[in-house]
Amino acid sequence: MSFVNYILENRSWVIKLSLQHIELSILTVLVAAFLAVPIGILATRNRKIAFVSMNLANFGQSIPTFGVIGLMLPLFGIGFKPAIIALLLIAFLPILRNTCAGINVVDPAVIEAGRGMGMTEKQILVMIELPLAVPVIFAGIRTATVMTISTATLAALIGAGGLGELVFRGIEMYDSNILLAGGICIAAMAVAADQIMGIIEKALSSGGRREAADVS
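Enquirer: Would you mind showing me how to read unusual backbone geometry here?
Expert: At Tyr174, a position not held by glycine, the phi torsion is positive, near 50°. Positionally, Tyr174 belongs in the loop between helix H8 (164–172) and helix H9 (176–215). Judged by relative accessible area, Tyr174 falls into the exposed class, the value being 76%.

As structure tokens, then:
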């Protein structure tokens, strides 16, 4: 397993690239969630916003990420900023969809119970709909995180760093050990993130069920 030896011999560089990859992925998902969750909430209240936001998100995700990253170069140059903008097209749609789905599937009887208790629409959103939708929303964030970690490999093409540097260096040098080192590190990172977020998602689901029981 020569690729393991390569990782061990170059562990400081691999760690540096891994930290860059994690930073890029986390920033992308945080920005995507910051934008997608409020828009998703508005979309459940307004059909026009839902139509426009969903279609724009679908259109953005249909564009190949490689092409988007290429378009970022003349607009924003190289580095983290253009990489995050490009990766947002990947991360935004799952979070938006799940935000809308999570709120729309809340049991109407629970909402009516809240209204019967004298809650305003804002209170119903904050105290009933969002707590019950959190597990579904988080599932979208989980999906977006895994997709972003995988796609962030391409960020190395515009100087944003990350484990993609190992992958592309391995391709350029026809060195399978370097290529495997990068690919396996990325896969391991994606699997680890998915497992960790899966545990959090289960905890949130349990909390959501308790919220529903309390209101009903």
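Enquirer: Would you mind going over the pattern of salt bridges with me for this structure?
Expert: Tallied over the entire structure, the rule returns five salt bridges. Among the salt bridges present, the one from Arg115 reaches Glu112, with a minimum N-O distance of 2.8 Å. Here Arg115 and its partner Glu112 are both found in helix H6 (residues 108–116), three residues apart, which amounts to about one turn of the helix. The exposure class of Glu112 is partly exposed, given its relative accessible area of 47%. Ionic pairing is found between Glu121 and Arg115, a salt bridge with its closest N-O pair at 2.9 Å. A residue is classified by how much of its surface remains accessible, and Glu121, at 44% relative accessible area, is partly exposed. If you follow the salt bridges from partner to partner, you end up with Glu112, Arg115 and Glu121 in one network.

Enquirer: I keep staring at the confidence of the model for the protein chain and nothing clicks. Help me out?
Expert: Interpretation of the predicted coordinates at a detailed level should be avoided for regions scoring low in pLDDT. Looking at the protein chain, the pLDDT average stands at 84 and 92% of residues meet or exceed 70. Here helix H4 (residues 65–76) is the element of the protein chain with the lowest mean pLDDT, 71, and helix H2 (residues 11–45) is the one with the highest, 92.

Enquirer: Can you walk me through the packing of H2 against H8 in this structure?
Expert: Two numbers describe a pair of packed helices, the interaxial angle and the distance between the axes. At a minimum axis distance of 9 Å, the contact between H2 and H8 shows a crossing angle of 120°. As judged from the angle between their axes, H2 and H8 are oblique. Counting all contacts with H2, which are made through Trp13, Val14, Leu17 and His21, the residues of H8 involved are Gly164, Glu165, Leu166 and Arg169. In terms of residue class, the contact of H2 with H8 is built from four nonpolar, two polar and two charged.

Enquirer: Could you clarify how one ought to interpret the packing of H2 against helix H7 (residues 121–151) in this entry?
Expert: Two elements in contact, H2 and H7, have axes separated by 10 Å at closest approach and are oriented at 140°. In this view, H2 runs oblique relative to H7, as classed from their interaxial angle. Our pair here, H2 against H7, has a crossing hand that is right-handed. Contacts between H2 and H7 pair His21, Ser25, Thr28, Val29, Ala33, Val37, Ile41 and Arg45 from the former with Leu125, Glu129, Leu130, Ile137, Ile141, Ala144, Thr145, Thr148 and Ile149 from the latter.

Enquirer: Mind showing me how you'd approach the side chain of Thr148 here?
Expert: Turning to its location among the elements, Thr148 is positioned in helix H7. Overall, Thr148 belongs to the buried group, its relative accessible area being 0%. When residues no more than four places from it in sequence are discounted, the contact partners of Thr148 are Ser25, Thr28, Val29, Leu87 and Ala91.

Enquirer: What am I meant to see in the environment of Ile184 here?
Expert: Looking at the secondary structure, you find Ile184 in helix H9. What makes Ile184 partly exposed here is its relative accessible area of 37%.

Enquirer: What should I look at first to understand the nonpolar core in this one?
Expert: Buried together is how nonpolar side chains tend to be arranged in soluble globular proteins. One finds Leu24, Ala83, Ile95, Leu96 and Ile141 to be the most contacted residues of the largest nonpolar core, which totals 35 residues. In this structure, Ile95 is in contact with Val29, Ala32, Ala33, Ala36, Val37, Gly140, Ile141 and Ala144, ignoring residues within four places of it in sequence. Counting 14 residues, the second-largest nonpolar core is a separate cluster that includes Tyr6, Val167, Ala181 and Cys185.

Quick notes on the rules
Residues numbered from 1 in each chain as written. Predicted model: local features only at pLDDT ≥ 70, side-chain atom pairs only at ≥ 80, totals over all residues. Heavy atoms only, no water. Helix = DSSP H or I, 4+ residues; strand = E, 2+ residues; numbered from the N terminus. Buried < 20%, exposed > 50% of the residue type's maximum accessible area, 1.4 Å probe, protein only. Salt bridge = Lys/Arg side-chain N within 4 Å of Asp/Glu carboxyl O. pLDDT = per-residue confidence, 0-100. Axes fitted to C-alpha atoms, helices over the stretch in contact; angles between N-to-C directions. Parallel < 35°, antiparallel > 145°, perpendicular 65-115°, else oblique. Contact = heavy atoms within 4.5 Å. Nonpolar A, V, L, I, M, F, W, Y, C, P; charged D, E, K, R; others polar. Left-handed = near helix turned anticlockwise from the far one by under 90°. Core = buried A, V, L, I, M, F, W, Y, C linked by side-chain atoms within 4.5 Å.

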